[in-house]
Amino acid sequence: MSTADQDRASLGELVSRATSDLSTLFRAEFALAKAEVKQSAVRGLAGVTALVVGGVLALFSLPVFSFALAYWLHAWWKVPLAIAFLITGGIMLLFAAVCAWLAKSLIQKMQAPQRTIASAKESAAVLSNVKPHPRAASDGGPADGRPAPARVEQ
């Protein structure tokens, strides 16, 4: 559409174009938010996965390693069996704590969709400053298409 056609566009056409542009803007904002949330969710999923893997490993390995280590301490170091089991349990809890710390640090890296928030604020700022501008009249009369008032000469 040429600039001359744009100057002659009706109010309905202008509203239609503005509505279409706003709709496109909001769809683009939503797509950006969705992409950022998806990326952040993938990071969070990695943290949750590490937590689950650490928990399962701690749970299933605890009996096996507990017995092996406790009996080794009892046989080789002559530690009383009860004390050997306490030492073994402490070591397994330490391993579980390391896995929990790793999971926590990965989950904390999840972020809010920063680019979407900034873009939405920018769009809101632009839209809040928009004022209707009269179209330039080609014949020197008022921009709204009404005839110019008659001048009274003295």
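The rules behind the values
Residues numbered from 1 in each chain as written. Predicted model: local features only at pLDDT ≥ 70, side-chain atom pairs only at ≥ 80, totals over all residues. Heavy atoms only, no water. UniProt positions renumbered as here; feature names shortened; annotations may be inferred. Helix = DSSP H or I, 4+ residues; strand = E, 2+ residues; numbered from the N terminus. Phe/Tyr/Trp six-rings, centres within 6.5 Å; stacked < 30°, edge-to-face > 60°. Buried < 20%, exposed > 50% of the residue type's maximum accessible area, 1.4 Å probe, protein only. Salt bridge = Lys/Arg side-chain N within 4 Å of Asp/Glu carboxyl O. Expected span 1.5 Å × (residues − 1). Contact = heavy atoms within 4.5 Å.

Per an unreviewed UniProt entry, the chain carries the name Phage holin family protein and comes from Streptomyces durbertensis.

This paragraph deals with the UniProt feature "transmembrane region" (unreviewed entry) in the chain. In the numbering adopted here, UniProt assigns the feature "transmembrane region" (unreviewed entry) to residues 48-73 and 79-103. Along residues 48-73, the helical share is 100% and the strand share 0%, with 35 Å between the first and last C-alpha atoms. Helix makes up 92% of residues 79-103 and strand 0%, with an end-to-end C-alpha separation of 35 Å.

In total, this model carries 4 aromatic pairs according to the counting rule given. Both rings, one in Phe67 and one in Tyr71, keep their centres 6.3 Å apart while their planes meet at 15 degrees; by these two values the pair is stacked. With Phe67 and Tyr71 both in helix α2 (residues 11-76) and 4 residues apart, this pair spans about one turn of that helix. Phe67 gets classed as partly exposed once you look at its relative accessible area, which sits at 45%. In this structure Tyr71 comes out as partly exposed when scored by relative accessible area, which is 44%. Consider the rings of Trp72 and Trp77, whose centres lie 6.2 Å apart with planes at 65 degrees: the pair is edge-to-face. Residue class for Trp72 comes out partly exposed when judged on its relative accessible area of 40%.

What follows deals with the pattern of salt bridges. For the coordinates displayed, the defined rule picks out 1 salt bridge. For Glu36, the salt bridge goes to Arg115, with nearest N and O atoms at 3.1 Å. Taken together, the residues Glu36 in helix α2 and Arg115 in helix α4 (residues 114-128) connect sequence positions 79 residues apart. Among the residues examined, Glu36 registers a relative accessible area of 9% and is labelled buried.

Our focus in this paragraph is helix α3 (residues 81-108). A rise of 1.5 Å per residue sets the reference length of α3, with its 28 residues, at 40 Å; its end C-alpha atoms lie 41 Å apart and thus fit the reference within 8%. Where α3 is concerned, the buried positions are Ala84, Thr88, Met92, Cys99 and Ala103. Check the buried side of α3 and you find it contacts α2.

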